[in-house]
Amino acid sequence: MKAFARITDDMIVDWTRRFAAWPSEQSALMENDPAVRGFVTDCVRPLIESFGIACRIDAMGNLAAVIGPATAPIEMALIGYAMTHPRSTMRDPFAADLVEIDGETSVRGRGVSEQKAALAAALAAFIDTASAKRLSARVAFILLTAGETGRHDAIEAALSSLADKPRHAILAVGTDMKISLGNRGRLDIDVTIEGMAAHSSTPWEGRDVTAGIAAILNVAQRLSGDGQAAAELGPATLTCTAIRTWPEATHTIQSRALMIFDRRLLPSEDVDEVFEDIASAFRAATPLTLRVTKGPHMLGAHLPRTSSFVARLERALATADAAMPDYYLSHSALDAGYLAAHDVETVTWGPGSPKQFHTDDESVRVTDLLTMARTYKTVLAGFCGRK
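Residues numbered from 1 in each chain as written. Predicted model: local features only at pLDDT ≥ 70, side-chain atom pairs only at ≥ 80, totals over all residues. Heavy atoms only, no water.

### So, the packing of helix 1 (residues 9–21) against helix 9 (residues 366–384)
Packing of helix 1 against helix 9 leaves a shortest axis separation of 10 Å and a crossing angle of 110 degrees. On the basis of the axis angle, helix 1 is roughly perpendicular to helix 9. Seen from above, helix 1 lies across helix 9 with right-handed handedness. Listed contacts from helix 9 to D9, I12, V13 and T16 of helix 1 are V366, L369, L370, A373 and R374. (Axes fitted to C-alpha atoms, helices over the stretch in contact; angles between N-to-C directions. Helix = DSSP H or I, 4+ residues; strand = E, 2+ residues; numbered from the N terminus. Parallel < 35°, antiparallel > 145°, perpendicular 65-115°, else oblique. Left-handed = near helix turned anticlockwise from the far one by under 90°. Contact = heavy atoms within 4.5 Å.)

So this is what it looks like as structure tokens:
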């Protein structure tokens, strides 16, 4: 693969370290967190603008930059993420050190394997592509304030802010440099159970919500076992991820409970229908007062291996004598489903291993980072190169 015209390897490594050193971690404020928004406006935006490329920030704080002839379609969008998992128990999560791991020079830090190395690689490819004198189509670079939110709000806002939507997209997220052709979606469901407190010496005087918890868990287990399954994507599971009860007092029958469920969605499923079926089954399980609420969701996606998009990706790589990637389907819920629902063919592809996500020693190999940057550039040339 050809070297960059404007970008050096040292610059790409420096950007990765600079991005990893910025603590844009998830908080209760989600996309409105000042550190996340600051990462977009004060860390990434000045870098892009230093190369003479104009950027726009939308109402959700997402950044968009578009290059190429104004009358041409947006053939490709590179989409990155600003928000990382919280620092948790990771030691020095924002030191962004260069370390030796198994004989390989790597960048260590929160988010480098999941979002930020892929972001740096995609940005290098985008900026270098902007130096082309004549592009046959437009290229968009989008940096979302999302990354750990579990919903499509940010990508929805970003697409709405563009004059026209891209035809194809690459989500720049760590995939071990394989191409993810799809993923299950996810629906969050909150269940509130109301009973009546009583002293535990006279339980018959109360209405114990733990009985409702047991009944709903039994129903959830049955629904999860009865759910559909896609051979490659796996089953449409229903999993309880949290249970809390009140009042927090000794020797007291519990009068209120909150249960949170995670329902994995197949690409063919309708979110509203899935929710109504589960809500009806839960309500029928117990005579206690129940409130079932639909939470955030992300849609599933599955791009066929035989799609024209994959064929064009492979032609672009073959033209540059680049290695052909492996393909797989991800277990994570991603924005690919939203994009697919809006007729944007999408893959997820980047340096960094999903096994490293959210771990205490998250890192990415420098060789993978640089290889992926050149691969992104090769793909952009194949889709939007010089006339």
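### Regarding the sheet that holds strand 16 (residues 289–298)
Read from one edge to the other, the open sheet built from 4 strands follows the order 13-15-9-16, with strand pairing classed as antiparallel. Pairing within the sheet leaves two strands with one partner each, and these edge strands are strand 13 (238–246) and strand 16. Pairwise comparison of adjacent strand axes, ignoring direction, gives a mean angle of 15 degrees for this sheet. Direction of pairing for strand 9 (residues 185–194) relative to strand 16: antiparallel, over a ladder of 8 bridges. Looking across to strand 16, one finds that L187 is bridged to H297. The strands touched by helix 5 (residues 209–226) within the sheet are strand 9, strand 13, strand 15 (256–265) and strand 16, with strand 15 carrying the most contacts at an inclination of about 5 degrees. Here helix 6 (residues 271–285) sits on the sheet and contacts strand 9, strand 13, strand 15 and strand 16; the angle it forms with strand 16, its principal contact strand, is near 155 degrees. (Pairing = 2+ DSSP bridges.)

### Considerations on the packing of helix 1 against helix 2 (residues 34–49)
Between helix 1 and helix 2, whose axes approach to 11 Å, the crossing angle comes to 170 degrees. Between helix 1 and helix 2, the angle is such that the two are roughly antiparallel. Only F39, C43, V44 and L47 of helix 2 make contact with helix 1, whose side of the interface consists of W15, R18 and F19. Classifying every residue of the contact of helix 1 with helix 2 gives 6 nonpolar, no polar and 1 charged. (Nonpolar A, V, L, I, M, F, W, Y, C, P; charged D, E, K, R; others polar.)

None of this, on its own, says anything about what the molecule does.
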